[in-house]
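Listed here are the chains, written in short residue letters.
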Amino acid sequence: MAERTTRRGGKSFSVTRLPGFAPIAVVVFLVLYAPIATLVGYSFNASESVSQWGGFSLHWYGVALQNGEVTDAAITSMIVAGFAAVISTLVATMAALGTTRRGHVPGQTVIYAMINQPLMVPEIVTAVALLIFFAMVKQATGYTGLGYLILAHSAFCIPFAYLPIRARLEGMDLSLETAAADLYASPWQTFRRVTLPLLMPAIFAGAMLAFVISLDDVVITEFIKSPGQDTLPTFMMGQLRRSMKPDVNAISTLLLGVTLVMLSAFFLLSRKRD
């Protein structure tokens, strides 16, 4: 193995020493982050033009925050994302326990595939399927509330919450649970006092990741929502279809800030601790 990881002269191999690594890395970062940096910069533009700089100003943040439609859409987004995160995390936790705290069973690969189905199937397919299903439910019940959006978001957020929880369970030391059982703890006591406290960082991380995914969704929301149920992303899309206003940059920057905070918290909680 040592011969494979070293070169002549005894120096260890590093991809950073390959020719052209630095220029390619710079180009990649520019392609990824230059548009985002431009968006954030122009959110502080005093001009009404979205392409001409008119000086630094917080005017468009004030316009966005005072817009009643933006406030309503943001509240709807928070409600849907909050409920979706809680529901999907509960389901994902039970699924992770069921697929890691048991021996191999026939069809286990199929079970993994079914849980992660929203990750493998194009989102538009999931959106159309949910639209057809909920349309039949609406016709049968007459209910047109936010429940459909919450259930739809919960469904496609399950695998995002499932992956960090399952990874945490697979990395946990089973000796603690075995010791609890040897001390005559019931399965519920073992779960409540041993497994759950060790699992909580991953549960919080999965919930925050599900919250962010739900908060940013457009495709499924656009298909499922009823009139007057715009979330912040769908409201912004509607604004862009009508006219490109500078306050959209401010709204996008605020949404980006919330997303970055949640993702940073996710990585901090999901980081493996000694």
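These numbers come from a predicted model, not from an experiment. (Residues numbered from 1 in each chain as written. Predicted model: local features only at pLDDT ≥ 70, side-chain atom pairs only at ≥ 80, totals over all residues. Heavy atoms only, no water.)

## Points about the overall build of the chain
- In terms of regular secondary structure, the chain is built from 13 helices and zero strands.
- Shown N-terminal to C-terminal, the secondary structure of the chain runs as helices and strands in the order α-α-α-α-α-α-α-α-α-α-α-α-α.
- By the compact-globule yardstick of 19 Å for 274 residues, the chain is too spread out, its C-alpha radius of gyration being 24 Å.
- Viewed in the frame of its principal axes, the chain has a C-alpha envelope of about 70 × 70 × 30 Å.
- The buried share of the chain, taken over its 274 residues, is 34%.
- When contacts within the chain are restricted to residue pairs at least 6 apart in sequence, long-range pairs at least 24 apart make up 69% of them.
- Total accessible area computed for the chain in this model is approximately 16500 Å², and 68% of it derives from carbon and sulfur atoms.
- Across the chain, 19 positive and 15 negative side-chain charges occur, with their mean positions spaced 10 Å apart. (Helix = DSSP H or I, 4+ residues; strand = E, 2+ residues; numbered from the N terminus. Rg over C-alpha atoms; globule rule 2.2 N^0.38 Å. Buried < 20%, exposed > 50% of the residue type's maximum accessible area, 1.4 Å probe, protein only. Contact = heavy atoms within 4.5 Å. Areas by Shrake-Rupley, 256 points an atom, 1.4 Å probe, with all protein chains shown as cover. Lys, Arg positive; Asp, Glu negative; His and termini not counted. Charge placed at Lys NZ, Arg CZ, Asp CG, Glu CD.)

## Things to note about the nonpolar core
- Ranked by size, the top nonpolar core spans 42 residues in total, and within it Ile-165, Leu-199, Ile-220, Ile-224, Leu-232 and Ile-251 carry the most contacts.
- For this core, the secondary structure elements donating two or more residues are helix H4 (68-100), helix H7 (123-141), helix H8 (147-171), helix H10 (187-216), helix H11 (219-224), helix H12 (232-242) and helix H13 (247-270).
- Counting residues per element, this core draws most heavily on H8, at 11 residues.
- Apart from the residues lying within four places of it in its own chain, the contact partners of Ile-224 are Ala-127, Leu-130, Leu-131, Phe-134, Lys-138, Tyr-148, Leu-149 and Ala-152. (Core = buried A, V, L, I, M, F, W, Y, C linked by side-chain atoms within 4.5 Å.)

## With respect to the UniProt feature "transmembrane region" (unreviewed entry) in the chain
- Using the residue numbers shown here, the UniProt feature "transmembrane region" (unreviewed entry) corresponds to residues 21-44, 73-98, 119-137, 143-165, 194-215 and 250-269.
- For the annotated span residues 73-98, helix accounts for 100% and strand for 0% of the residues, and the straight-line distance between the end C-alpha atoms is 37 Å.
- Taken end to end, residues 194-215 is 100% helix and 0% strand, and its two terminal C-alpha atoms sit 32 Å from one another. (UniProt positions renumbered as here; feature names shortened; annotations may be inferred.)

## Describing empty space enclosed by the protein
- Scanning the model with the defined rule gives one cavity of 30 Å³ or more in all.
- The wall of the largest cavity is formed by Ser-77, Val-80, Ala-81, His-153, Ser-214, Leu-215, Asp-217, Thr-221, Thr-231 and Pro-233.
- Elements with a contribution of two residues or more to the lining of the largest cavity: H4 and H10.
- Residue composition of the lining of the largest cavity, grouped by class: four nonpolar, five polar and one charged. (1 Å grid on protein atoms, 1.4 Å probe; cavity = no way out; pocket = protein on both sides within 12 Å on 5 of 7 lines; lining within 4 Å. Points joined across faces, edges and corners; volume = space filled by probe spheres on them. Nonpolar A, V, L, I, M, F, W, Y, C, P; charged D, E, K, R; others polar.)

## Remarks on the domain arrangement of the chain
- Here the chain is partitioned into domain 1 (31-66) and domain 2 (70-228).
- The distance between the C-alpha centroids of domain 1 and domain 2 comes to 36 Å. (Domains from an automatic or database assignment.)

## Digging into the confidence of the model for the chain
- Looking at the chain as a whole, the pLDDT averages 83, with 92% of positions reaching at least 70.
- Mean pLDDT across the secondary structure elements of the chain bottoms out at helix H1 (residues 2-5), with 44, and peaks at H11, with 91.
- Ignoring residues within four places in sequence, the model shows residues 1-7, a span with pLDDT below 50, making seven contacts including any to other chains. (pLDDT = per-residue confidence, 0-100.)

## What to know about the packing of aromatic side chains
- One pass over the full model with this rule turns up eight aromatic pairs.
- A centroid spacing of 5.9 Å and a plane angle of 90 degrees characterise the contact between Tyr-42 and Trp-53, whose relative ring orientation is edge-to-face. Of this pair, Tyr-42 sits in helix H2 (residues 21-42) while Trp-53 sits in the loop between H2 and helix H3 (59-66), and the two are 11 residues apart along the sequence.
- Accessibility expressed as a relative area gives 23% for Tyr-42, which makes it partly exposed.
- Centroid distance Trp-188 to Phe-191: 5.9 Å. Interplanar angle 35 degrees. Geometry classified as tilted. With Trp-188 and Phe-191 both in helix H10, this residue pair falls three residues apart, about one helical turn.
- For Phe-191, a relative accessible area of 21% corresponds to the partly exposed category. (Phe/Tyr/Trp six-rings, centres within 6.5 Å; stacked < 30°, edge-to-face > 60°.)

## Structural notes on the environment of Ala-96
- You can see Ala-96 is positioned in helix H4.
- By relative accessible area, Ala-96 is classed as buried at 0%.
- In this structure the C-alpha to C-alpha distance between Ala-96 and Tyr-162, which are 66 residues apart in sequence, comes to 6.3 Å.
- Setting aside anything within four residues of it in sequence, one finds Ala-96 in contact with Tyr-162, Ile-165, Arg-166 and Leu-169.

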